Amino acid sequence: MQLGRSQSVVSPFPQRVQSFQVADTRGKHRLQAELKRLEQETRFLEEELELIERMDKTSAACKEMLSNVESRPDPLLPM
């Protein structure tokens, strides 16, 4: 009986080691994929920030137009 128990105790150990190795490979892949996603998001945000920095002149023109439109009453609305 003890021989049967020792075999059942010894045999699952290599399977656990193999499963950890597979999980470790998946973990590395997931980390690499996450890192790649973060790098892409960083590039996207940097590009968006550059666009926003170039929009200052456009923003000033919009503010000027808005103040002109707001200062004039709407001819279609009754006063």
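All values reported here derive from a predicted model rather than from experimental measurement.

Student: How do you make sense of the overall build of the chain when you look at a structure like this?
Tutor: Of the regular secondary structure elements, the chain holds three helices and zero strands. N-terminal to C-terminal, the α/β element order of the chain is α-α-α. In the chain, which comprises 79 residues, the share counted as buried stands at 0%. Only carbon and sulfur atoms are counted for the fraction: they give 61% of the accessible area of the chain, which is about 8,100 Å².

Student: Just checking my understanding: could you explain the confidence of the model for the chain for this structure?
Tutor: Any residue range with low pLDDT should be treated as having predicted coordinates unsuitable for detailed reading. For the chain, the mean per-residue pLDDT works out to 76, and 67% of the residues sit at or above 70. Considering each helix and strand of the chain separately, the mean pLDDT is smallest for helix H1 (residues 2–10), with a value of 49, and largest for helix H3 (residues 56–71), with 81.

Student: What's the story with the pattern of salt bridges in this structure? I'm lost.
Tutor: Opposite charge on two side chains allows them to pair when their charged atoms are near. Enumeration according to the criterion identifies two salt bridges in this entry. Salt-bridge contacts for Glu41 lead to Arg37; the nearest nitrogen and oxygen are separated by 3.1 Å. Of this pair, Glu41 and Arg37 both sit in helix H2 (residues 12–54), four residues apart, which is roughly one turn of that helix.

Student: I would appreciate a short explanation of a negative patch on the surface in the present structure.
Tutor: A surface patch of negative charge is lined by Glu46, Glu47, Glu50 and Glu53. Tracing the backbone through its elements, the reader meets Glu47 in helix H2.

Cut-off values and rules
- Residues numbered from 1 in each chain as written.
- Predicted model: local features only at pLDDT ≥ 70, side-chain atom pairs only at ≥ 80, totals over all residues.
- Heavy atoms only, no water.
- Helix = DSSP H or I, 4+ residues; strand = E, 2+ residues; numbered from the N terminus.
- Buried < 20%, exposed > 50% of the residue type's maximum accessible area, 1.4 Å probe, protein only.
- Areas by Shrake-Rupley, 256 points an atom, 1.4 Å probe, with all protein chains shown as cover.
- pLDDT = per-residue confidence, 0-100.
- Salt bridge = Lys/Arg side-chain N within 4 Å of Asp/Glu carboxyl O.
- Patch = residues over 30% accessible without salt bridge, like charges linked within 9 Å, V, L, I, M, F, W, Y side chains within 5 Å.
- Lys, Arg positive; Asp, Glu negative; His and termini not counted.
- Charge placed at Lys NZ, Arg CZ, Asp CG, Glu CD.

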